[in-house]
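Structure at a glance
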Amino acid sequence: MRVKRLASLKRPSLMEVPLGSLPETVRMSGYARNKAFAISGEVRELYGSSYEWYGMTLGWEECPEIIRDIGLPRNAANLLQYTRLETGDLLDFQEEIPEGMVINGWIHSHGDLQ
């Protein structure tokens, strides 16, 4: 079934946005860096091996280019070779972010962070 109102919509033309050059450094607070190492240590201690995990990097809305914290959405699978996140878990995580903070990237590591 086609809805007439939707059928009359025109698709937007393809838009290209040049990004310029990529940054050569990542700005991260000591707190966020220490937390990433602490998470890796906990993973290693809990599982006794180098299991992978994903997290989200967080920054303040007014200064999103600096990583201020590491957030951990529920990982659907953590194995030696890979980890997986589910869309619903990411949406739930996004709802729990403290006010004034935004997701500004992601972090991935093995339990030994090497």
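1. Some points on the packing of aromatic side chains
- All told, the structure shown has 1 aromatic pair when counted by the stated rule.
- Ring centres of Y54 and W106 lie 5.7 Å apart, and the angle between their planes is 75°; this geometry places the pair in the edge-to-face category. With Y54 in strand β2 (residues 52-60) and W106 in strand β7 (residues 101-110), this pair connects stretches of sequence that are 52 residues apart.

2. A word on a nonpolar patch on the surface
- Together, M15, V17 and L19 make up a nonpolar patch on the protein surface, roughly 390 Å² of accessible area in all.
- Mapped onto the secondary structure, M15 falls in the loop between α1 (4-7) and β1 (27-28).

3. A short note on helix α2 (residues 30-47)
- Along its 18 residues, α2 runs 26 Å from first to last C-alpha, staying within 8% of the 26 Å computed at 1.5 Å per residue.
- Within α2, burial applies to A32, A36, I39, S40, G41 and V43.
- G48 occupies a position one or two residues after α2 and carries a positive phi of about 70°.

4. A closer look at the pattern of salt bridges
- For the structure shown, the criterion picks out 2 salt bridges.
- Two residues, D89 and R74, come together in a salt bridge whose shortest N-O distance is 3.0 Å. Residue D89 is located in helix α3 (residues 87-96), and its partner R74 is located in the loop between β4 (69-71) and β5 (75-78); the two are separated by 15 residues in the primary sequence.
- Take R74: its relative accessible area is 51%, and that puts it in the exposed class.

Reading the values: the criteria
- Residues numbered from 1 in each chain as written.
- Predicted model: local features only at pLDDT ≥ 70, side-chain atom pairs only at ≥ 80, totals over all residues.
- Heavy atoms only, no water.
- Phe/Tyr/Trp six-rings, centres within 6.5 Å; stacked < 30°, edge-to-face > 60°.
- Helix = DSSP H or I, 4+ residues; strand = E, 2+ residues; numbered from the N terminus.
- Patch = residues over 30% accessible without salt bridge, like charges linked within 9 Å, V, L, I, M, F, W, Y side chains within 5 Å.
- Areas by Shrake-Rupley, 256 points an atom, 1.4 Å probe, with all protein chains shown as cover.
- Salt bridge = Lys/Arg side-chain N within 4 Å of Asp/Glu carboxyl O.
- Expected span 1.5 Å × (residues − 1).
- Buried < 20%, exposed > 50% of the residue type's maximum accessible area, 1.4 Å probe, protein only.

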